[in-house]
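# What the coordinates show
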Amino acid sequence: MIQVGVVGYGTIGKRVADAVVAQRDMEIVGVAKTSPNFEAEAAVSKGFDLYAAIEERRELFDEAGIPVAGDLDDLVSTADVIVDATPSGIGAQNREVYEAHDTPAIYQGGEDADVADTSFNARANFEDAVGADHVRVVSCNTTGLSRLLAPLREEYGVEKSRVTLVRRGGDPGQTGRGPIDDILPDPVSLPSHHGPDVKTIFPDIDIDTLGLKVPATLMHMHSVNVTLESDADAEEVRELLAEESRLFLIPEYAGIDGAGKLKQFALDAGRSRGDIWENCIWGESIAVRGNDLYLFQAIHQESDVVPENVDAIRAITDSASKAESIATTNETLGMGLGRTFER
Ligand SMILES: NC(=O)C1=CN([C@@H]2O[C@H](COP(=O)(O)OP(=O)(O)OC[C@H]3O[C@@H](n4cnc5c(N)ncnc54)[C@H](O)[C@@H]3O)[C@@H](O)[C@H]2O)C=CC1
Ligand SMILES: O=C(OP(=O)(O)O)[C@H](O)COP(=O)(O)O
């Protein structure tokens, strides 16, 4: 069993911990937290050993009566691999602790690419992370774009991609970002950071991205235009994308008209926390004019990177092939929202 330590038990960290528990070949050896808050209580109630991420704050846990198994060094020395899901920039600071213990580590998309030996998306470049010491799972939006571009590149070739990312203003629990009521373009970044980030996965791809933020918490939305290198028609593209295990093509008759209904559907489908690990592509939005493909996709920012982290654990420990890992992760998590509509 691969012993996994999670450092940073917030939006991403707690979901990765639950996903690890669902696997047959790995288990949680502990989670490191800075504060004895409701998430610490939840971690303890799930049976996870809690470690104090910052030694000086350990007494806060004692005062709250929350048992602590040790500090960050103890967790890192016990774990076979660390998933660092701390806020942007903290992972880079933590790297020296992981290096000191010779413990491989997986970072998140808020870190700069140079925190790791390679950036990672299971569908696109699993092999690059095999046996690496430091791997960065790219951000939620970059994950969504990589999953989409991988099959299009293979099947048709991609001449040019242009994506407008309508980004949620904050996660549901990020009260520090609200209340908000505005639409904020990012006028100075062409491309937004997502274009260069996609290039950490596909160095040769030509992609321009623009970003704006809206007062929503549910999901991101991408308006995509890809100029393909060879002829395609919409139905053929629909079939190609429907074959991808982490793309969910929303059927027109489902009546899912936006992120709100998508989240409702995920909850109805029994998804824990209403999580949607798959890209959600509106089937009827897929249109081809000449060599230009157009579509809309929604990305659940809180969860789409979770299966990628599980696969990154197998890649970094060289414990399964790409196909085995993706299949196992999909099966154990119960991925495949599209199956609901199959008869
Ligand atoms: N929330 C999102 O939509 C997504 C976030 N990411 C990336 O994942 C990373 C984590 O983001 P979130 O989970 O959203 O953040 P979060 O703020 O929800 O969780 C981070 C957790 O780390 C804790 N923390 C802070 N300093 C720490 C330290 N020194 N040691 C241990 N824990 C510490 C915080 O108290 C918090 O509980 C970032 O790199 C972010 O860019 C990636 C995809 C989507
Ligand atoms: O990884 C994310 O977005 P990103 O792909 O736009 O960088 C997360 O939704 C975090 O976004 P934030 O930078 O608004 O906290």
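Predicted, not measured: the structure shown is a model, and the values here were computed from it.

### A few points about a negative patch on the surface
The grouping of Glu155, Asp231, Asp233, Glu236, Glu239 and Glu243 at the surface amounts to a negative patch. By secondary structure assignment, the location of Glu236 is in helix H9 (residues 234-242). Glu236 sits in the partly exposed class, given a relative accessible area of 35%.

### What about the domain arrangement of the protein chain?
Domains assigned within the protein chain are domain 1 (2-138 + 305-333) and domain 2 (141-304). Of the residues lining the interface, 25 residues belong to domain 1; the matching set on domain 2 comes to 22 residues. Across the interface of domain 1 and domain 2, roughly 1,900 Å² is buried in total on both sides, 46% from carbon and sulfur atoms. When the buried area of domain 1 at its contact with domain 2 is split by residue, Arg15, Arg123 and Val138 rank highest and sum to 33% of it.

### Side note on helix H2 (residues 38-45)
Taken together, the buried positions of H2 are Glu39, Ala40 and Ala43. The buried residues of H2 occupy an angular sector of 105 degrees when the element is viewed end-on, so they sit on one face. Among the exposed residues of H2, those oriented more than 90 degrees off its buried face are Phe38 and Ser45. Buried-residue contacts for H2 involve helix H1 (11-21), strand S2 (26-33), strand S3 (50-52) and helix H3 (58-64). By the N-cap criterion, in which a side-chain oxygen at the helix start approaches the backbone nitrogen of a residue two or three places on, H2 is capped by Asn37, the distance to Glu39 being 3.1 Å. With its phi angle positive at about 90 degrees, Gly47 sits one or two positions after the end of H2.

### Description of the sheet that holds strand S6 (residues 105-107)
In spatial order, the strands read S4-S3-S2-S1-S5-S6-S8-S7; together these 8 strands make up an open sheet with parallel pairing. The sheet is open, and its two edges are formed by strand S4 (70-71) and strand S7 (118-120), each paired on a single side. As paired elements, S3 and S4 share 2 bridges and run parallel to each other. Bridge assignment links Ala52 to a residue of S4, and that residue is Asp71. Sitting on the sheet, H1 is in contact with strand S1 (2-7), S2 and strand S5 (81-84), with an inclination near 160 degrees to S2. Its contacts with the sheet put helix H11 (residues 306-316) on S1, S2, S5, S6, S7 and strand S8 (134-137), and the angle it makes with S8 is roughly 160 degrees.

### Notes on the confidence of the model for the protein chain
In the predicted model, the protein chain carries a mean pLDDT of 96, and the fraction of residues at 70 or more is 100%. As a predicted assembly, this complex carries a pTM of 0.97 together with an ipTM value of 0.97.

### As for the environment of Asn279
Tracing the backbone through its elements, the reader meets Asn279 in strand S14 (residues 279-282). Look at Asn279 and you get buried, because its relative accessible area is 0%. Residues Asn279 and Cys140, spaced 139 residues apart in sequence, show a C-alpha to C-alpha distance of 9.9 Å. Excluding anything up to four places from it in sequence, Asn279 contacts Gly144, Arg147, Leu148, Arg246, Leu247, Phe248, Gln297, Ala298 and Ile299.

### Some remarks on the packing of H11 against helix H12 (residues 322-333)
Between H11 and H12, the least distance of the axes is 9 Å, while the angle of their chain directions is 135 degrees. The orientation of H11 with respect to H12, classified from their angle, is oblique. Two packed elements cross with a definite hand, and for H11 against H12 that hand is right-handed. Here Pro307, Val310, Asp311 and Arg314 of H11 come into contact with H12, specifically with Ser325, Ile326, Thr328, Thr329 and Leu333.

Criteria and cut-off values
- What you see as residue numbers is a count from 1 along each chain, following the sequence as written.
- All chains are assigned letters beginning with A, and all ligands numbers beginning with 1, in the order in which they are written.
- Per-residue local features are limited, in this predicted model, to residues with pLDDT of at least 70; the limit for side-chain atom pairs, both in listing and counting, is 80 or more; totals at the level of whole chains, interfaces and linings are taken over all residues.
- Each side-chain value is derived from all of the structure's non-hydrogen atoms; neither hydrogens nor water enter the calculation.
- Every patch collects residues that have over 30% relative accessible area and no salt bridge, joining them within 9 Å if they carry like charges and within 5 Å if they are nonpolar side chains (Val, Leu, Ile, Met, Phe, Trp, Tyr).
- A 1.4 Å probe and the Shrake-Rupley method give the accessible areas. Residues count as covered only by the protein chains that appear here.
- One speaks of a salt bridge when a side-chain nitrogen belonging to Lys or Arg is within 4 Å of a carboxyl oxygen belonging to Asp or Glu.
- In summary, the charge assignment counts Lys and Arg as positive and Asp and Glu as negative, without counting His or the chain termini.
- A charged residue contributes its charge at one atom only: NZ of Lys, CZ of Arg, CG of Asp or CD of Glu.
- Where helices and strands are cited, they refer to DSSP runs of H or I of at least four residues and of E of at least two residues respectively, numbered from the N terminus.
- Only protein chains enter the area calculation, which uses a 1.4 Å probe; residues under 20% of their type maximum are buried, those over 50% are exposed, and those in between are partly exposed.
- What fixes the domain bounds is an automatic or database domain assignment.
- Two residues form a contact once any of their heavy atoms are found within 4.5 Å.
- Accessible area that two parts lose when put together, with a 1.4 Å probe and added across both, is what the buried area reports.
- Directions are taken from the helix axis to each C-beta atom, and the arc is the one they span.
- Contacts described as polar in this section are N or O atom pairs within 3.5 Å, which, within protein, must combine one atom able to donate a hydrogen with one able to accept it, while residues neighboring in sequence count only if both atoms come from side chains.
- At least two bridges found by DSSP between two strands are what make those strands a pair.
- An axis is simply a line fitted to the C-alpha atoms; with a helix, the fit covers only the stretch in contact. Between two such axes, the angle follows the N-to-C directions and lies from 0 to 180 degrees.
- On a scale of 0 to 100, pLDDT captures the predictor's confidence in every residue.
- For classification purposes, angles smaller than 35 degrees are called roughly parallel, those larger than 145 roughly antiparallel, those between 65 and 115 roughly perpendicular, and all remaining angles oblique.
- Each crossing gets its hand from how the near helix is turned against the far one by less than a right angle, where anticlockwise is left-handed and clockwise is right-handed.

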